[in-house]
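Spelled out from the first residue to the last, the chains are:
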Number of protein chains: 4
Amino acid sequence: MQHFDNDYMEGMHPLILERLAATNMLKTTGYGCDDICESARSRIREACDAPDAAVHFLVGGTQTNATVIRAMLRPYEGVIAADTGHISLHEAGAIEAGGHKVLTIPHSEGKLSAEAVDAYIEAFRRDEAWEHMVQPGMVYVSFPTEYGTIYSLSELEALSAVCRKWSIPLFVDGARLGYGLMAEGADVTLRDLARLCDVFYIGGTKVGAMFGEAVVVPRAESIPHFFTTIKQSGALLAKGRMLGIQFDVLFNDGLYLRIARHAVEQAIRMREAMVAKGYEVFIPTPTNQLFFALTAEQLERLSSVTTFSEWEHLADGRTVIRLATSWATREEDIDALIAEL
Amino acid sequence: MQHFDNDYMEGMHPLILERLAATNMLKTTGYGCDDICESARSRIREACDAPDAAVHFLVGGTQTNATVIRAMLRPYEGVIAADTGHISLHEAGAIEAGGHKVLTIPHSEGKLSAEAVDAYIEAFRRDEAWEHMVQPGMVYVSFPTEYGTIYSLSELEALSAVCRKWSIPLFVDGARLGYGLMAEGADVTLRDLARLCDVFYIGGTKVGAMFGEAVVVPRAESIPHFFTTIKQSGALLAKGRMLGIQFDVLFNDGLYLRIARHAVEQAIRMREAMVAKGYEVFIPTPTNQLFFALTAEQLERLSSVTTFSEWEHLADGRTVIRLATSWATREEDIDALIAEL
Amino acid sequence: MQHFDNDYMEGMHPLILERLAATNMLKTTGYGCDDICESARSRIREACDAPDAAVHFLVGGTQTNATVIRAMLRPYEGVIAADTGHISLHEAGAIEAGGHKVLTIPHSEGKLSAEAVDAYIEAFRRDEAWEHMVQPGMVYVSFPTEYGTIYSLSELEALSAVCRKWSIPLFVDGARLGYGLMAEGADVTLRDLARLCDVFYIGGTKVGAMFGEAVVVPRAESIPHFFTTIKQSGALLAKGRMLGIQFDVLFNDGLYLRIARHAVEQAIRMREAMVAKGYEVFIPTPTNQLFFALTAEQLERLSSVTTFSEWEHLADGRTVIRLATSWATREEDIDALIAEL
Amino acid sequence: MQHFDNDYMEGMHPLILERLAATNMLKTTGYGCDDICESARSRIREACDAPDAAVHFLVGGTQTNATVIRAMLRPYEGVIAADTGHISLHEAGAIEAGGHKVLTIPHSEGKLSAEAVDAYIEAFRRDEAWEHMVQPGMVYVSFPTEYGTIYSLSELEALSAVCRKWSIPLFVDGARLGYGLMAEGADVTLRDLARLCDVFYIGGTKVGAMFGEAVVVPRAESIPHFFTTIKQSGALLAKGRMLGIQFDVLFNDGLYLRIARHAVEQAIRMREAMVAKGYEVFIPTPTNQLFFALTAEQLERLSSVTTFSEWEHLADGRTVIRLATSWATREEDIDALIAEL
């Protein structure tokens, strides 16, 4: 039996474990002010070609989204997101608990288009009652999206241009960033993100780390006193070096992108084999997440071979399921799946 | 030129002004603990046939919605509302500022159906990820709705039954309650509201008062220490008797319903005249708000006769406008409008 | 029996009532965008010699404090106040409900000294752990204080200088502002407040109005989109002209200061008579609030003559009480009290 | 040079590292729903003799305090704490960001007395203005305190009795719980905590873990839907088994208490040696934290031998410093310090 439920079932990349062991009894100062964190920050700044960026290490995705958003918005502002955005649906109201409305726009395969955002803001500004409404104060997109899709560079440039036109920040949730950057046909780089976003994060939890998200603020001054807001949000790790170690390893010698590419390659292999066996792709995705629409019979057969997530029940009786590979997926896991399909 | 922009353009009913003058130099204790407030509370309890109800006087509608909702919900809960609900769109994020998500359901002529609410909650409970999502913790409906429509008694009973099935409170925003209770064909009474809701309010601001909303909690214990939450929300009027005076007058000898009925009657006269002149009703409404879809030519003509609110621009080029009568509308205002149409 | 419990027992100044009656059936636009509000704003700007000030009308004191503070602070900031400050003790946690800590400093007769504020901020900045603590982001003082005392112009200038030294705003809660400006020996004017503060408000509720506080922001741009934050805070009155009317009358021909001066004069008469009768002043106050420390026998005697507030029980068995005059106190009320002492 | 700055300078206990390595490539479900977490929960319930307790694993202390407090309090309630409490001073306003006031009472060597809490609540209830004030809704104590002191069993029983008398929950912050339970003369056990508290947590971060705090709710129903509130607070670890692993190891075969006892023993050795060398104890502490008041000369000398934290500057020119041992302190570290004193 295989397991492709999600991309956070295993622990951490062996090189991280090794580094943890090697540094375990070192004594360092807390809260991310140690040398290992500094080293990790330098590597990330370099990878982003953003020498002046602030880099903050937080523990998890919901926490990072909530902390970034409340740090950047003023009370009268909300955050624009796709109606399928993680912050809209699956963060238990963390953004609202911070006092801000999520202003949803219908998605297209999990994505927000620059045109839709522009039209939304324009309609808001034209509304006679605009001063009685929540102001759009930020645009949030996930890259890749919750549907495993990605933005092209030109789409991201268009979103960034709309944000700058209206003087509101662009925030990219990169909980699965590696899998997006290394996706089939992807043309976005870390440097592009640093150039086009006001804040984004590099997800560790789903890409090789035990936990950890590295928030990059290309123009550091755009979030003053972020350290204190992180502390207030309960998001400051006492033994901060645990985060530094993980990102220092991941950003050494290209490990982060390499393991992400591996996961994408295994997903491609899986997809091709499944399509060949007659499974129908529900949404075409170039990343580590695959969505299929299965008949009852296919559902039963696949369930006997692997575990996965059920996503949605279609009107025609079919079930949409998701299979996810990860940095930890072995070639032989895919081989085994293919053999048993 | 007539003015039918909205239902809060004038001051207060003359009987209230008279009572204000008569009591002006009385010395009373503050914060709604005076005898006049007590008298008003008694009259409201009687009108609702709810002898054990708690009655609290607040100043305005957004304030009342925000205060009631944060008093009743726990952190992990949100409030279900129609996507056109006032709390969804036109309260500048007051509910979210209190920490709670508004869970929107598509409306039907401004209304939520019991079926839609039931289906929403059922889907939530069935969702594998439900513990990662905001729990439906209350149902909010406005009566009449933002589109001037009303719930029938059987619709309200169905909503109440769904709420009780799932053990969540039903909250009725009655900012324009009088106009709903006295609407054409309305079959809901204050007693029904006290029987079917967990909390509702009787709007004064739009129905004869200068300001003021009377919150009725039929089972007082369902909101413990509400006085303190009202104070904390900045919603406790120091000279609370100003609220007591207004509701004591409005609930003396049926004034509240009588002036509401008057407004509805003037709206009916207006509608009939306009329809006769070829204006097309956009949404049929039995209350004091009328919605018409106007051609450019009609828009221009009507603009020369009266002021009103523009609501929406239709794809076919027409403009949806709203005309509102109120307790203060005089028969001769309608006569004058009709004469000039 | 007389009543000197507090300064908000009566309705409104007769000239306001007259104006309410005269304008009652006028139709105006809502939310404070009408001509009467504009006129009141102009009068206030003129009285403050602050032609560029933004003037916003809110309903009550706690509401105003909470709304101003959350509009100005960032998440990592708190507000410095005297430990006796109204926001510290008697607003039911309204500031914390808005997400911010009240950073208290021991008072001296209800006042904060510039030295104490400066020392507090300096200690904060020197603290190794400052980034783990709430940053002082604003200084709040009440004028007059909760103990009826006032700041001299030089004290206020010193506070303002400390705030500017540390680049944080100074906020003056003027719920009883008139009684402070017209106090015995007072040397502070509205112009001084506009020059020295970043935001302050002119209390109406306790000085002649039914309700209402006029917030003055001398440099309007220091609170962007304040209208929307006011709406979100439930503090935007639909029939905003009710606030405009009150302040337009109060700021016509010096009425506000004149009635405040009257209250202070009656307090002086009361104090002199009581001291002559052997009542001991607890805190010397130059405003409309008087504090006496009474023996049990005095307490009993005074209780038979007037009502008042009990403030505190001293270790020596005496009781501190407060008597308050107001704009509505008549000379004959004081005469009657004196006669019966 | 030695380092006794604090008790979170090293990584994790070697047995935890070993277990991490052994389980690293296991595939488990997320969010703490795996078997390892279940095993850890069972061990903790057993150690607490609390078979019905809910046990939740969170990441850090500030996060845990903020999440527990907002989960338990209603909007009108605040939390009583010593003025030196971690939540009062060093959590950057996390409690207020969740909407609640910290109601401080002067400490005595870092502790709250049952008498002081009782007197506070009694005074609150007697206050005429109580409904305008934040209600005490919970008592928070840290065990051991921020000053390294501990409560005796009888003191804790008295606190618990006061809480039950007033029907408010008792919350024990056990960020350093092990060091308190194993302190010199300590007579409190985990079973006592489960019996006397409504919620408490067992600190991992400072007692052998990389990170992690285990929240114990003896009567699980007292915090409904806590999982969702944890998620909303950004405190739910995706790879939750990392927390389970750590507590499963720490609660296997008494490791947690054993390593805590070790730290206390090293602190005793350190204290005795320092006292013998003429260093003056500032506050006598039976735990792993030692506080000394040093002259300038002693400060200089000690600085050449070890690092430590500066705590306070006394009026007499001396400096209060803190030295902390931990589970990771080796006997030879203390030997080395003693040799160089």
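Residues numbered from 1 in each chain as written. Chains lettered and ligands numbered in written order. Predicted model: local features only at pLDDT ≥ 70, side-chain atom pairs only at ≥ 80, totals over all residues. Heavy atoms only, no water.

Colleague: Please provide a residue-by-residue account of the overall build of chain A, values included.
Modeller: Counting its regular elements, chain A contains 14 helices and 13 strands. Its C-alpha atoms give chain A a radius of gyration of 20 Å, near enough to 20 Å, the size a compact globule of 341 residues would have. For chain A, the spread of C-alpha atoms along the principal axes amounts to about 60 × 55 × 35 Å. Counting only residues that meet the buried cut, chain A has 66% of its 341 residues in that class. Pairs at least 24 residues apart make up 73% of the contacts formed inside chain A by residues separated by at least 6 positions. Here chain A has roughly 11,300 Å² of accessible surface; of this, 51% comes from carbon and sulfur atoms. Each charge class in chain A can be summarised by its mean position, and for the 30 positive and 46 negative side chains these summaries are 6 Å apart. (Helix = DSSP H or I, 4+ residues; strand = E, 2+ residues; numbered from the N terminus. Rg over C-alpha atoms; globule rule 2.2 N^0.38 Å. Buried < 20%, exposed > 50% of the residue type's maximum accessible area, 1.4 Å probe, protein only. Contact = heavy atoms within 4.5 Å. Areas by Shrake-Rupley, 256 points an atom, 1.4 Å probe, with all protein chains shown as cover. Lys, Arg positive; Asp, Glu negative; His and termini not counted. Charge placed at Lys NZ, Arg CZ, Asp CG, Glu CD.)

Colleague: Tell me about the interface of chain B and chain A, residues and numbers included.
Modeller: The interface is formed by 19 residues belonging to chain B together with 19 residues belonging to chain A. Taking both partners together, chain B and chain A bury about 1,300 Å²; carbon and sulfur atoms supply 52% of that area. On the chain B side of the contact with chain A, B:H90, B:E96 and B:K101 bury the most area, a combined 35% of that side's loss. B:E96 serves as the salt-bridge partner of A:K101, at 2.6 Å between the closest nitrogen and oxygen. (Buried area = accessible area lost by both parts, 1.4 Å probe. Salt bridge = Lys/Arg side-chain N within 4 Å of Asp/Glu carboxyl O.)

Colleague: I'd like to hear about the relation of the copies chain B and chain A, residue by residue, with values.
Modeller: Structural alignment of chain B on chain A gives an RMSD of 0.0 Å, achieved by rotating through 180° and translating 0.0 Å along the axis. Expressed as a symmetry operation, the mapping of one chain copy onto the other fits a two-fold axis. Same-surface contact between copies: 100% of interface residues of chain B are shared with the interface of chain A. (Least-squares fit on C-alpha atoms with pLDDT ≥ 70 in both.)

Colleague: Which residues make up the confidence of the model for chain A, and what are the values?
Modeller: On average, residues of chain A carry a pLDDT of 97, and 100% of them reach 70 or more. Across the interface, the model reports ipTM at 0.97; the global pTM reads 0.97. (pLDDT = per-residue confidence, 0-100.)

Colleague: Hey, could you go over the environment of C:Q2 for me, with residue numbers and the actual values?
Modeller: All names here are of chain C. Looking at the element boundaries, Q2 is found in strand β1 (residues 2–3). Separated by 304 residues in the primary sequence, Q2 and T306 place their C-alpha atoms 4.3 Å from one another. If near-sequence neighbours (up to four positions away) are discounted, Q2 is found in contact with V305, T306, T307, D333, A336 and L337.

Colleague: So, the sheet that holds strand β8 (residues 213–217) of chain B: which residues are in play, and what are the values?
Modeller: Residue and element names in this part refer to chain B. In space, the seven strands of this open sheet follow the order β2-β8-β7-β6-β5-β3-β4, with mixed pairing throughout. At either end of the open sheet lies a strand with only one pairing partner, and these are β2 (54–58) and β4 (102–105). In this sheet, adjacent strand axes meet at a mean angle of 25° when their direction is disregarded. Bridge count between strand β6 (residues 170–173) and strand β7 (residues 199–203): two bridges; the pairing is parallel. Bridge pairing in β7 links V172 to F200. (Pairing = 2+ DSSP bridges. Axes fitted to C-alpha atoms, helices over the stretch in contact; angles between N-to-C directions.)

Colleague: Mind laying out the pattern of salt bridges, listing which residues take part and the relevant values?
Modeller: Taken as a whole and assessed by the stated rule, the structure comprises 83 salt bridges over all chains. Of the charged contacts, one joins A:E38 and A:R41 as a salt bridge, the two residues approaching to 2.7 Å between their closest N and O atoms. Of this pair, A:E38 and A:R41 both sit in helix α2 (residues 35–48), separated by three residues, roughly a single helical turn. By relative accessible area, A:E38 is classed as partly exposed at 36%. On the basis of relative accessible area, A:R41 is assigned to the buried category, the value being 12%. Taking the shortest distance from any N to any O, the salt bridge between B:R126 and B:E122 comes out at 3.8 Å. One end of the pair, B:R126, and the other, B:E122, are both in helix α6 (residues 114–126), four residues apart, so they sit about a helical turn from each other. Take B:E122: its relative accessible area is 33%, and that puts it in the partly exposed class.

Colleague: Lay out the pairing of strand β3 (residues 77–82) of chain D in plain terms, naming residues and giving numbers.
Modeller: All names here are of chain D. β3 sits mainly inside the fold: six of its six residues count as buried. Where β3 lies against strand β5 (residues 135–142), four bridges are found, and the strand directions are parallel. Within β5, the residue paired with V79 across the bridge is M138. Across four bridges, the pairing between β3 and strand β4 (residues 102–105) is parallel. Bridging from a neighbouring strand, V79 pairs with V102 of β4.

Colleague: I'd like a description of the interface of chain A and chain D, backed by residues and values.
Modeller: Counting residues at the interface gives 44 residues for chain A and 44 residues for chain D. Together chain A and chain D conceal approximately 3,800 Å² of surface at their shared face, both sides included; 61% is due to carbon and sulfur atoms. Considering only the side of chain A, the residues that lose the most area to chain D are A:Y8, A:K27 and A:K239, jointly responsible for 18% of the buried surface there. Our count for the chain A to chain D interface comes out at two salt bridges. Where D:E10 meets A:K27, a salt bridge forms, and the shortest distance between an N and an O atom there is 2.7 Å. Inspection of the chain A/chain D interface yields 24 residue pairs in polar contact (both at pLDDT 80 or more). Looking at the side of chain A that touches chain D, the elements that each hand over two or more residues are α1 (14–23), α3 (61–72), α5 (94–97), α10 (226–232) and α11 (241–250) of chain A. Partitioned by chemical class, the residues of the side of chain A that touches chain D number 21 nonpolar, 15 polar and eight charged. (Polar contact = N/O pair within 3.5 Å; in protein donor to acceptor, adjacent residues only side chain to side chain. Nonpolar A, V, L, I, M, F, W, Y, C, P; charged D, E, K, R; others polar.)

Colleague: Can you tell me about the packing of helix α12 (residues 255–276) of chain A against helix α14 (residues 331–340) of chain A, naming the residues and giving the values?
Modeller: For any two helices packed against each other, the geometry is given by the interaxial angle and the distance between the axes. All names here are of chain A. Interhelical geometry of α12 versus α14 gives an angle of 10° and a closest axis separation of 10 Å. On the basis of the axis angle, α12 is roughly parallel to α14. Residues H262, Q266, R269, M270 and A273 of α12 form the contact with α14, whose participating residues are E331, I334, D335, L337 and I338. (Parallel < 35°, antiparallel > 145°, perpendicular 65-115°, else oblique.)

Colleague: How would you sum up the packing of aromatic side chains? Please name residues and give values.
Modeller: In the structure shown here, the tally under the stated rule is 39 aromatic pairs over all chains. Their ring planes at 20° and their centres at 5.2 Å tell us that C:F251 and C:Y256 sit as a pair that is stacked. Taken together, A:Y140, A:F171 and A:Y201 form an aromatic cluster joined through their ring pairs. Between the NZ or CZ atom of B:K111 and the centre of the ring of B:Y151, over which it lies, the distance is 5.5 Å. (Phe/Tyr/Trp six-rings, centres within 6.5 Å; stacked < 30°, edge-to-face > 60°. Lys NZ or Arg CZ within 6 Å of the ring centre and 35° of its normal.)

Colleague: Can you tell me about the state of the cysteines, naming the residues and giving the values?
Modeller: Inspection of the entire model under this criterion finds zero disulfides over all chains. Just so you know, B:C37 is unpaired, no disulfide at all, and the nearest cysteine sulfur is the one on B:C33, 7.9 Å from it. By relative accessible area, which is 0% here, B:C37 ends up buried. Between C:C48, a cysteine without a disulfide, and C:C197, which holds the nearest cysteine sulfur, the sulfur-to-sulfur distance is 9.9 Å. The exposure class of C:C48 is buried, given its relative accessible area of 1%. (Disulfide = S-S within 2.5 Å.)

Colleague: An account of the sheet that holds strand β6 (residues 170–173) of chain D is needed here, citing residue identities and associated values.
Modeller: Residues and elements named next belong to chain D. Overall, mixed pairing links the seven strands, which are arranged β2-β8-β7-β6-β5-β3-β4 in an open sheet. A strand with exactly one partner marks an edge of an open sheet, and here the two such strands are β2 (54–58) and β4. Within the sheet, the average angular offset between the axes of one strand and its neighbour, ignoring direction, is 25°. In the packing of helix α3 (residues 61–72) onto the sheet, the strands contacted are β2, β3, β5, β6, β7 (199–203) and β8 (213–217), and the crossing angle to β7 comes to about 170°.

Colleague: Give a detailed account of the pairing of strand β12 (residues 309–313) of chain D, specifying residues and quantitative values.
Modeller: All names here are of chain D. In this structure, β12 lies alongside strand β13 (residues 319–324), joined through four bridges in antiparallel fashion. Its bridge partner lying in β13, E310 is registered against I321. Taking the residues between adjacent antiparallel strands as the criterion, β12 and β13 are bridged by five residues, where G317 takes a positive phi near 95°.

Colleague: Give me the lowdown on α14(A), citing residues and values where you can.
Modeller: Residue and element names in this part refer to chain A. Of the residues making up α14, those classed as buried are D333, I334 and L337. Looking straight down α14, one finds its buried side chains confined to an arc of 95°; they lie on one side. The inward-facing, buried residues of α14 abut β1 (2–3), α12 and β11 (306–307). (Arc of directions from axis to C-beta.)

Colleague: Help me get a handle on unusual backbone geometry, residues and values and all.
Modeller: Residue C:P144 is reached from C:F143 by a cis peptide bond, and omega for that bond is -5°. Relative to the helices and strands, C:P144 resides in the loop between β5 (135–142) and α7 (153–165). With a phi angle near 65°, B:Y31 is a residue other than glycine that sits in the positive phi range. Secondary-structure assignment places B:Y31 in the loop between α1 (14–23) and α2 (35–48). In the Ramachandran plot, D:H225 falls in the positive-phi region, its phi being about 55° despite a non-glycine side chain.

Colleague: Describe the environment of D:Y151, and please don't skip the residues or the numbers.
Modeller: Residue and element names in this part refer to chain D. Within the fold, Y151 resides in the loop between β5 and α7 (153–165). What makes Y151 buried here is its relative accessible area of 2%. Spatially, the C-alpha atoms of Y151 and V141 are 9.4 Å apart, while their sequence positions differ by 10 residues. Excluding its chain neighbours within four sequence positions, the residues that come into contact with Y151 are G110, K111, L112, V141, S142, F143, T145, L156, L159 and V188. Among the polar contacts listed, one links the side chain of Y151 to the backbone nitrogen of L112, at a separation of 2.8 Å.

Colleague: Please set out α3(A) residue by residue, giving values where relevant.
Modeller: Residues and elements named next belong to chain A. Here α3 is 12 residues long and its end C-alpha atoms lie 17 Å apart, about the 16 Å a rise of 1.5 Å per residue gives. Within α3, 11 of the 12 residues are buried, leaving the element largely enclosed by the surrounding structure. When α3 is considered as a whole, its buried residues turn out to be T62, Q63, T64, N65, A66, T67, V68, I69, R70, A71 and M72. (Expected span 1.5 Å × (residues − 1).)

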